[in-house]
Amino acid sequence: METIGLLAGIGTLPVEFIEAVRPQGYRVVCIAVTPGVDPRLAAIADAYYDISAFKLDKVIKTLVKEHVKEVTMIGKVTKELLFSGKVQPDARMLKLIMELPDRKDDTIMMMFVRELAKAGIQAFDQTALIRRL
């Protein structure tokens, strides 16, 4: 059974994703990366973790530990949490944020994707396995 990762944000789509890919034979490692994710995720994922997206080092180490080679990101994650001072980013995330040319959503997302790739984890299109939805 192939293992895939799901970095889950707010909304019902992360649940729908797991429900759609499980019958396709995937093992799903879900990391809730923001407060307020659907509580059903913990029950239906093969492995479930609650780790802030701003704890980048822990997110990546957890995916590596779970043998995840491919990951997708589904659900809303607001960057405002990062800049509100309510969440303290880890040293890795803080260093990367300081190196960004701007704080646009796409810039932050691509930085995240590059760091995943450095760890041997490829981000894939969130609709690739759930086109029917």
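Residues numbered from 1 in each chain as written. Predicted model: local features only at pLDDT ≥ 70, side-chain atom pairs only at ≥ 80, totals over all residues. Heavy atoms only, no water.

A. The arrangement of the pattern of salt bridges in detail. A complete count under the given rule lists eight salt bridges for this structure. The shortest N-O distance in the salt bridge between R27 and E66 comes to 2.6 Å. Of this pair, R27 sits in strand β2 (residues 26-32) while E66 is found in the loop between α3 (56-65) and β4 (70-74), placing the two residues 39 residues apart along the sequence. By relative accessible area, which is 23% here, R27 ends up partly exposed. Note that K95 and E99 form a salt bridge whose closest N and O atoms lie 2.7 Å from each other. With K95 and E99 both in helix α5 (residues 91-99) and four residues apart, the pair spans about one turn of that helix. Each member of the pair K95 and E99 is classed as exposed. (Salt bridge = Lys/Arg side-chain N within 4 Å of Asp/Glu carboxyl O. Helix = DSSP H or I, 4+ residues; strand = E, 2+ residues; numbered from the N terminus. Buried < 20%, exposed > 50% of the residue type's maximum accessible area, 1.4 Å probe, protein only.)

B. Representation of the pairing of β4 in the model. The buried count for β4 comes to four of five residues, which makes it a mostly enclosed element. Across two bridges, the pairing between β4 and strand β5 (residues 122-123) is parallel. In the sheet register, E70 faces β5, and the bridge partner there is Q122. (Pairing = 2+ DSSP bridges.)

C. Spatial organisation of α3. Turning to α3, its buried residues number three or more, namely L56, V59, I60, T62 and L63. Along the axis of α3, the buried residues cluster in a sector spanning 160 degrees; they form a single face. Relative to its buried face, α3 has exposed residues pointing more than 90 degrees away, namely K58, K61 and K65. At the exit of α3 stands H67, carrying a positive phi of roughly 65 degrees. (Arc of directions from axis to C-beta.)

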